[in-house]
Structures are given as C-alpha cells and as structure tokens.
Amino acid sequence: MKKAALITGASSGIGAATAIEFAKNGYFVYLMGRDKDRLAEVALQCRSGATLLSCELTDTKALDKRLNDMMNINIHRVEVVVNNAGIYKPGSVEGDTDEIWSQHFQTNLLAPVHIVRTLFPYFKKHGGGSIVNVSSTLGVSPVANTGAYSALKAAMINWTQTLALEGGPHKIRANCVCPGIVDTPIHSFHGLPETEKTKTLSQMASLQPLGRIGTPQDVANSIYFLGSDLSAWTTGASLSIDGGINLA
Ligand SMILES: NC(=O)c1ccc[n+]([C@@H]2O[C@H](COP(=O)([O-])OP(=O)(O)OC[C@H]3O[C@@H](n4cnc5c(N)ncnc54)[C@H](OP(=O)(O)O)[C@@H]3O)[C@@H](O)[C@H]2O)c1
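Residues numbered from 1 in each chain as written. Predicted model: local features only at pLDDT ≥ 70, side-chain atom pairs only at ≥ 80, totals over all residues. Heavy atoms only, no water.

## So, the layout of surface pockets
Picture a little ball the size of a water molecule; that probe, rolled over the atoms, points out where space is still empty. We count it as follows: Put plainly, a pocket is an open set of points on a 1 Å grid over the protein atoms alone with protein on both sides within 12 Å along at least five of seven lines, a cavity is a set where a 1.4 Å probe fits but cannot get out, and a lining residue has an atom within 4 Å of a point. Grid points are joined across faces, edges and corners, and a volume is the space filled by probe spheres set on the points. Secondary structure elements follow DSSP: runs of H or I of four or more residues count as helices, runs of E of two or more count as strands, with numbering from the N terminus. Under the scheme applied, nonpolar residues are Ala, Val, Leu, Ile, Met, Phe, Trp, Tyr, Cys and Pro; charged residues are Asp, Glu, Lys and Arg; polar residues are all the others, including Gly.
The computed volume of the largest pocket comes to approximately 1,200 Å³. For the largest pocket, the lining is made up of 49 residues, of which Gly86, Ile87, Tyr88, Tyr149 and Ile186 are closest to its centre. Those elements that provide at least two residues to the lining of the largest pocket are α1 (13-24), β2 (28-33), α4 (98-125) and α5 (147-167). Counted as a void, the second largest pocket has a volume near 200 Å³. Surrounding the second largest pocket, 14 residues form its lining, Gly128, Gly129, Lys171, Arg173 and Asp229 being those nearest its centre. Counting only elements with at least two residues in the lining of the second largest pocket, the list comes to β4 (76-83) and β5 (129-134). With three residues, the top contributor of residues to the lining of the second largest pocket is β4. For the lining of the second largest pocket, the residue count by class is three nonpolar, six polar and five charged.

So, in structure tokens, the structure goes:
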C-alpha cells in the first residue's frame, strides 16, 4: 500500500508547503481545509496524488465523515498526520472574550485532539504512525496580547508529550514544531501593499538572530523530518524553527 499523509490547513501557508513537501517525497496526501479552490491549487502541485478533504474543523460531524472516508480507502496507508490548521487572533487580557478563547480552543486544540483520538486505533491496527503538531514559539515564550493563542499552543506542546508516552508502545510517534514569525496570510502584514510590507519585514528581520523571518518551506522541511522515518527515534520533541528569536 502506498504511504499517505493527512495535512490539516493544507489550503494555505505552512500547510500548503508541507503537503507539497510530503508529495515530493512520494507520499499520497490528504489535504484538509475549508477553501476548496485553494486546496485544488495545492493538489495540482502534489505530483504523488492528492485527495481534497474540505471541512470546517469545528464541525465534528463533518470532520468524522472526512476522517472515516480517508481511513476506509484501502489503497493508501495513512502514516502521518500533521495538525497544522490554526487561527491567530491577538487580543489583550481584558479584550479577549470567552468567544475568542473558545475559537482558539476549538480550532487550535480540540480539533487536533479529535483527529488524533480518531486516528489512534487506525495507527495501532496498522503498526504505528507519526503525529506532528504545529505549535508556536509563543507556546514556549509568550508575548503580550496573545493570551488565548499562546496558552493553547503551550497546551499543544504538553499534549504532544502525552501522545508520545501513550503512543510509544504502539510505534506511534508524536512531535511538535514551534515556528517563529513566518510570512503567511495568518498575519495582517502579509496582505500589506508591497512597499509597506518590505519595510515591515525588514524591521522584523532586524530582530532575528538569523536576520530574516521564516518561509513556509523552512517549517515544511522540519515537519517532513519529524513526520517521516528520518526521525524514527524521535518522539515527544518540540523543535523550534524560529531563526533563533527565542534566544534573542
Ligand atoms: N505564520 C506564522 O508566523 C506562524 C508561527 C507559529 C505558528 N504558526 C502556526 O502554523 C499553522 C499554520 O498557519 P499559517 O501561518 O500557515 O496560516 P494560514 O496561511 O492562515 O493557514 C491556516 C490554515 O488553517 C486552516 N483553518 C483555520 N481555521 C480552520 C477551521 N476552522 N477549519 C478548517 N481549517 C481551518 C485554513 O483553512 P482555509 O484557509 O481553507 O479556511 C488554512 O489552511 C497554525 O497552526 C499557526 O498557528 C504560524
């Protein structure tokens, strides 16, 4: 059976680059996201084959249907799941409503928990699997006005360690990446007019020990490493991919 990877948030940014990276390395890819047109554009760049799983992650019924459809396709064995989809809504202690906390919780943590709970028995039955969770440097070291996002990204790191402990005996690995600032549509600066954007990026670059912010491909390379057998003896790890910003 051909090996396959499920990537959530594959319609944009880091998830799109990750899907293309797995496909370059021979994986069939299941592309999960909401925007069908963008998912289809990514699929065209995945030469090893791709299936679109368009889905609102907070709709548990729809998510279950997509996951079950995927697990019932017997021509591919899903070996890797990348929990990448996420939202980022900065806000202050006093400004962050329950609704904002709930949105971050549902999308950034509960949906990955649901996906992993559903896939665990499948991985056990098929002799193992590899989970890569996309956290953030803010999950390690928060900054002001990111309370909900940072707290849930921190929870993701801790949860990954539990998965590693429970999954180990079943050859299920779980690891985490913690990206720094990466130029994707999740940031408001991404859509700025070109001159303004160049100015903003160069300001941000000057704060980074490696002198630039990240690209989706920078993160995709590390996700591929942790998802694939290249990291066969690594589990429970959190890998910072942040140009050294956490050291600065
Ligand atoms: N960019 C950074 O600086 C940075 C730094 C650290 C960590 N991260 C993390 O990296 C991950 C990817 O972010 P990105 O920067 O690549 O952002 P992005 O370009 O905005 O991509 C976010 C992806 O998540 C999907 N998504 C969001 N909410 C969803 C929902 N409710 N249901 C289904 N899909 C949903 C989006 O799907 P649609 O577009 O189809 O709706 C999109 O594919 C996130 O977990 C983010 O927290 C990013």
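## Overview of the packing of helix α3 (residues 60-71) against α4
What counts here: Orientation is described by lines fitted to C-alpha atoms, with helices fitted over the stretch in contact, and by angles between N-to-C directions that extend from 0 to 180 degrees. Relative orientations are named as follows: roughly parallel for angles under 35 degrees, roughly antiparallel for angles over 145 degrees, roughly perpendicular for angles from 65 to 115 degrees, and oblique for any other angle. In this scheme the crossing of two helices becomes right-handed for a clockwise turn of the near helix relative to the far one and left-handed for an anticlockwise turn of less than a right angle. In this analysis, two residues are considered to be in contact whenever any of their non-hydrogen atoms come within 4.5 Å of each other.
Running from N to C, α3 and α4 cross one another at 30°; their axes reach a closest spacing of 11 Å. By the angle between their directions, the pair α3 and α4 is classed as roughly parallel. Seen along the crossing, α3 lies across α4 with a hand that is right-handed. In contact with Thr60, Leu63, Asp64, Leu67, Met70 and Met71 of α3, α4 contributes Ala111, His114, Ile115, Thr118, Leu119 and Tyr122.

## Regarding the site of the ligand
Condition: In these notes, residues near a molecule or strand are those with any non-hydrogen atom within 4 Å of it. Counting of polar contacts relies on pairs of N or O atoms within 3.5 Å, with two restrictions inside protein: one atom must be capable of donating a hydrogen and the other of accepting it, and residues adjacent in sequence are counted only when both atoms are side-chain atoms. All accessible-area figures derive from a Shrake-Rupley calculation using a 1.4 Å probe, and residue coverage is judged against the displayed protein chains alone. The way we define it, a molecule is inside a pocket or cavity when more than half of its atoms are within 2 Å of that pocket's grid points.
Lining the immediate environment of the ligand, one finds 31 residues, of which Ser11, Ser12, Tyr149, Thr184 and His187 sit closest. Contact between the ligand and Glu56: a nitrogen atom at 2.8 Å from a side-chain N or O atom of the residue. Between an oxygen atom of the ligand and a main-chain N or O atom of Ile186, the distance comes to 3.5 Å. Relative to its unbound accessible surface of 900 Å², the ligand loses 94% to contact with the protein. Its atoms largely coinciding with the cavity grid, the ligand occupies the largest pocket. Broken down by secondary-structure element, the contributors of at least two residues to the shell around the ligand are α1 and α5. Residues belonging to the shell around the ligand are distributed by class as follows: 13 nonpolar, 13 polar and five charged.

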